[in-house]
Amino acid sequence: MRSKKLLSMLMVAALTVSTYSAVVITEGGEVTQNVTYQFANTRAGSAAGTISVTTENAGTYELYWGDGEGQKLKSGDVEFTELGTVTTTEDDLTADYKFISPYTVIPEGAKEVLVEDSTDTVVDSYTIPENKLFAEGEQKYTFALMSDVHFNRYSDFSADDAVKSFDDALAFIHKQGVKQLFLTGDLSNQGEIDSYNKFNKAIGKYKDLTVYTCMGNHDVSWTKNAEKEVKLFAANINKTRTTDKNVVDVCANGVDFVYRSGDDYHIFLSQTKASYGKGKSLLADDQLNWFHKTLNKYANKKVYVYFHTYLAAEGGDVTKSVGNLETPLGYTYDLTYVYGNQDEQRLRNLLRKYANVTLFTGHSHWAYEEQVYNPYLNIGNISKKNDGASLVHLASVSQPRTAVLDKELFDKGTKRYENNGVKSEGTVATRYANSTVYYSTDFVTGKYMASACYIDPDGKKGTPEKEISTGATKIKKVSKPKKMKKSSKKKPKYQVTVKFAKVNPVFKYQVQYSTDKNFKASKTKSKVTAKTSYTITGLKAGTKYYIRVRAYRYQFGYQIFGTCKNKKHVKTPKKKKK
């Protein structure tokens, strides 16, 4: 047998390069098994890279995270599934396993990679170097993530597949001691009250569980009045937002709000329209104004955002977006947030600006394991440079979709498997000091999906912009009323020119004139100019008009008006009698 000193020297030498090896040496001094791990980076806890396995016998072998004692890793009482498989042949006894996503995490507690044969026997192991072990510090809190419950969509109301799937998922996270559950919408089929009742009944079993969600396109409904659907959702879902002291801000629409968890902030942003297509918006301007202002307020904090529909990859490719893919037979999910729409571009630009944000979306339902068709299906960044917001896709808790690979079936019209009543997936997230770890969860088997568990380092925080103000505007002079050239004798019209002092900085000026001295809305007209004078036309004869001017600028999409230092009034000449 080789000496322990020689074995130690081999291990030290291995740690000086980026490829690490683990060997099993027989008493005769022969290597019977070999495992190497080529890491893609030096970050602790990052699994990215390639594992190579050399076996004594040809066959298929499964790779697992191990606890350092030769046992498969568990988090609490939850096991991790296999990382993946390698198959060796008589002609080539070495095979590689490459991690699909660059975000894959070496979970907390994992100290080795186990190689298991077809008889469920561990035949080899690889010790993870100390500098690559998970090192994110103390856990701050955990929260669960789900999407696309879809009560009443895939079966009749009495045999709703979503009921059992959601109940089982809730039971799983409750057993793990999770106290917060956040969703990205689509609780219903068409915004029906029965779905909301089912949802509230399910979560009502867990009095210590905080549950919040945004709206999805099905909750808005494309067959009904969107405004009424938003009010219905606000009245029946997230009802504790009005009494929860951790809900620190609620938008005027009642469905967008901010929840505080420790030092972090969770923003629920509901799409309030359900039609998809070029020029069709999913978010209203006032929502995006509120959202922008809120992101600025918490620019120096960690922020999680919940929104239903995913965004295309930079440049507009939906097949490579976080949340979508193209199957080997050419199918891709069709209801996408249209790249280039005005609201889409504004949302995208905000996510580029605020790197402290992680955006969660659902909508497509793609199962986590479908990342084989798009390595960024489940997690990525809004920017190719990785300097914007992180994006995370959530599979459906009741219908995770998978690709149809049968060409004959595909040609007959079956493009995807819905898997309702068969599969159920979600995520358990753990917040650390400077990162968040996502354990993709198979609620049917009750296991974490090792190949789809990710580490999401916090993005760079910013400094909130100070709230701006706009200076007051002083009217210098209002000219005497002058009869307009094209004015008729029967109905003469007059004009006056208003001159006012320059305000700096300014975007434009709002010139208002009214027959009411208090500028009652129904009797007031507003005009906009970038100059420091404006000619008001079309004034009626024999009428007293009050005039004021206000400068304004924009911040977060809102008009920030200054005051008017003084008001003026003029009276037009009376119409001459015949």
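Residues numbered from 1 in each chain as written. Predicted model: local features only at pLDDT ≥ 70, side-chain atom pairs only at ≥ 80, totals over all residues. Heavy atoms only, no water.

Thoughts on the overall build of the protein chain
Of regular secondary structure, the protein chain possesses eight helices and 34 strands. In terms of C-alpha radius of gyration, the protein chain reaches 31 Å, well past the compact-globule figure of 25 Å for 578 residues. Across its three principal directions, the C-alpha atoms of the protein chain cover 125 × 55 × 50 Å. Across the 578 residues in the protein chain, those meeting the buried criterion constitute 51%. Contacts in the protein chain between residues far apart in sequence, at least 24 positions, make up 69% of those at least 6 positions apart. Carbon and sulfur atoms make up 49% of the accessible area of the protein chain, which totals about 27400 Å². Charged side chains in the protein chain number 85 positive and 62 negative. The centres of these two groups are separated by 30 Å. (Helix = DSSP H or I, 4+ residues; strand = E, 2+ residues; numbered from the N terminus. Rg over C-alpha atoms; globule rule 2.2 N^0.38 Å. Buried < 20%, exposed > 50% of the residue type's maximum accessible area, 1.4 Å probe, protein only. Contact = heavy atoms within 4.5 Å. Areas by Shrake-Rupley, 256 points an atom, 1.4 Å probe, with all protein chains shown as cover. Lys, Arg positive; Asp, Glu negative; His and termini not counted. Charge placed at Lys NZ, Arg CZ, Asp CG, Glu CD.)

Thoughts on the pattern of salt bridges
Two side chains carrying opposite charge are able to pair once their charged atoms lie near each other. Under the counting rule described, the total for this entry stands at 21 salt bridges. Taking the shortest distance from any N to any O, the salt bridge between K231 and E227 comes out at 3.8 Å. With a gap of four residues between them, K231 and E227 both fall in helix α5 (residues 226-236), about one helical turn apart. When sorted by exposure, K231 lands in the same class as E227, which is exposed. (Salt bridge = Lys/Arg side-chain N within 4 Å of Asp/Glu carboxyl O.)

Structural notes on the packing of helix α3 (residues 193-203) against α5
The geometry of α3 relative to α5 is characterised by a closest axis approach of 11 Å and an angle of 20 degrees between their N-to-C directions. Here α3 is positioned roughly parallel relative to α5, judged by the angle of their axes. For the pair α3 and α5, the crossing hand works out as right-handed. Contact with α3, carried on its side by I193, Y196 and N200, involves L232, F233 and N236 of α5 and no other residues of that element. Taken together, the residues of the contact of α3 with α5 sort by class into four nonpolar, two polar and no charged. (Axes fitted to C-alpha atoms, helices over the stretch in contact; angles between N-to-C directions. Parallel < 35°, antiparallel > 145°, perpendicular 65-115°, else oblique. Left-handed = near helix turned anticlockwise from the far one by under 90°. Nonpolar A, V, L, I, M, F, W, Y, C, P; charged D, E, K, R; others polar.)

Side note on the sheet that holds strand β15 (residues 257-261)
As summarised here, the arrangement of the seven strands in space is β14-β15-β16-β17-β18-β20-β19, forming an open sheet in which the pairing is mixed. A single partner strand is all that each edge strand has here, and the edge strands are β14 (247-250) and β19 (379-381). Looking at each pair of strands side by side, their axes are set apart by 20 degrees on average, direction ignored. The pairing of strand β18 (residues 357-361) with strand β20 (residues 390-393) spans four bridges and is parallel. Bridge pairing in β20 links L359 to L391. (Pairing = 2+ DSSP bridges.)

Some remarks on the packing of helix α6 (residues 285-297) against helix α7 (residues 342-353)
Where α6 meets α7, the axes come as close as 11 Å, and the angle between the chain directions of the two elements is 5 degrees. Taken as axis vectors, α6 and α7 run roughly parallel relative to one another. Contact with α6, carried on its side by D285, L288, N289, F291, H292 and L295, involves D343, R346, L347, L350 and K353 of α7 and no other residues of that element.

Some points on a positive patch on the surface
On the surface, K491, K493, K525, K527, K540 and K575 cluster together to form a positively charged patch. Within the fold, K493 resides in strand β28 (residues 493-500). Its relative accessible area of 30% is what places K493 among the partly exposed residues. (Patch = residues over 30% accessible without salt bridge, like charges linked within 9 Å, V, L, I, M, F, W, Y side chains within 5 Å.)

Things to note about the nonpolar core
In terms of nonpolar packing, the biggest core is built from 65 residues, with W65, F166, I173 and L181 touching the most fellow members. Excluding residues within four positions of it along the chain, F166 makes contact with M146, V149, F151, L181, L183, F199, A202, I203 and V397. Y276, L282, L288 and L347 belong to the second-largest nonpolar core, a separate cluster that totals 29 residues. (Core = buried A, V, L, I, M, F, W, Y, C linked by side-chain atoms within 4.5 Å.)

Quick word on the sheet that holds strand β9 (residues 112-116)
The strand order β7-β4-β9-β10 describes an open sheet built from four strands, whose pairing is antiparallel. Two strands lie at the open edges of the sheet, namely β7 (84-88) and β10 (122-127), each paired on one side alone. Direction aside, the axes of adjacent strands within the sheet are offset by 25 degrees on average. Bridge analysis of strand β4 (residues 59-66) against β9 gives five bridges, and the strand direction is antiparallel.

Details of the pairing of strand β11 (residues 141-146)
The side chains of a regular strand alternate between both faces of the sheet. Burial analysis of β11 places five of its six residues in the buried class, the great majority of the element. Bridge count between β11 and strand β23 (residues 425-431): five bridges; the pairing is antiparallel. Within the sheet, the bridge partner assigned to Y141 lies in β23 and is R431. By the bridge criterion, three bridges tie β11 to strand β12 (residues 180-183) in an arrangement that is parallel. Bridged to A144 within β12 is L181.

A few points about unusual backbone geometry
The phi torsion of most residues other than glycine is negative, and most of the peptide bonds are trans. Residue P505 is bonded to the preceding N504 through a cis peptide linkage, with omega at 0 degrees. Assignment of secondary structure puts P505 in the loop between β28 and β29 (508-514). Here H365, not a glycine, exhibits a phi torsion of approximately 75 degrees, which is positive. Looking at the element boundaries, H365 is found in the loop between β18 and β19. Judged by its relative accessible area of 1%, H365 falls in the buried class. Even without being a glycine, F519 presents a positive backbone phi close to 55 degrees.

Considerations on the environment of G421
Structurally, the position occupied by G421 is in the loop between β22 (416-417) and β23. As for G421 and D516, which are separated by 95 residues in sequence, their C-alpha atoms are 65 Å apart.

Observations regarding a negative patch on the surface
A cluster of acidic side chains, namely E90, D91, D92 and D96, defines a negative patch on the protein surface. For E90, the position within the fold is in the loop between β7 and β8 (94-98). When its relative accessible area of 68% is taken as the criterion, E90 is described as exposed.

Considerations on the layout of surface pockets
If a probe the size of a water molecule is rolled over the atoms, the empty space left behind becomes visible. In this structure, the largest pocket encloses a volume near 480 Å³. Around the largest pocket, the lining comprises 24 residues; the ones closest to its centre are Y376, G380, N381, S383 and N386. The set of elements that each furnish at least two residues to the lining of the largest pocket consists of β19 and β25 (447-457). Split into classes, the residues belonging to the lining of the largest pocket amount to eleven nonpolar, seven polar and six charged. (1 Å grid on protein atoms, 1.4 Å probe; cavity = no way out; pocket = protein on both sides within 12 Å on 5 of 7 lines; lining within 4 Å. Points joined across faces, edges and corners; volume = space filled by probe spheres on them.)

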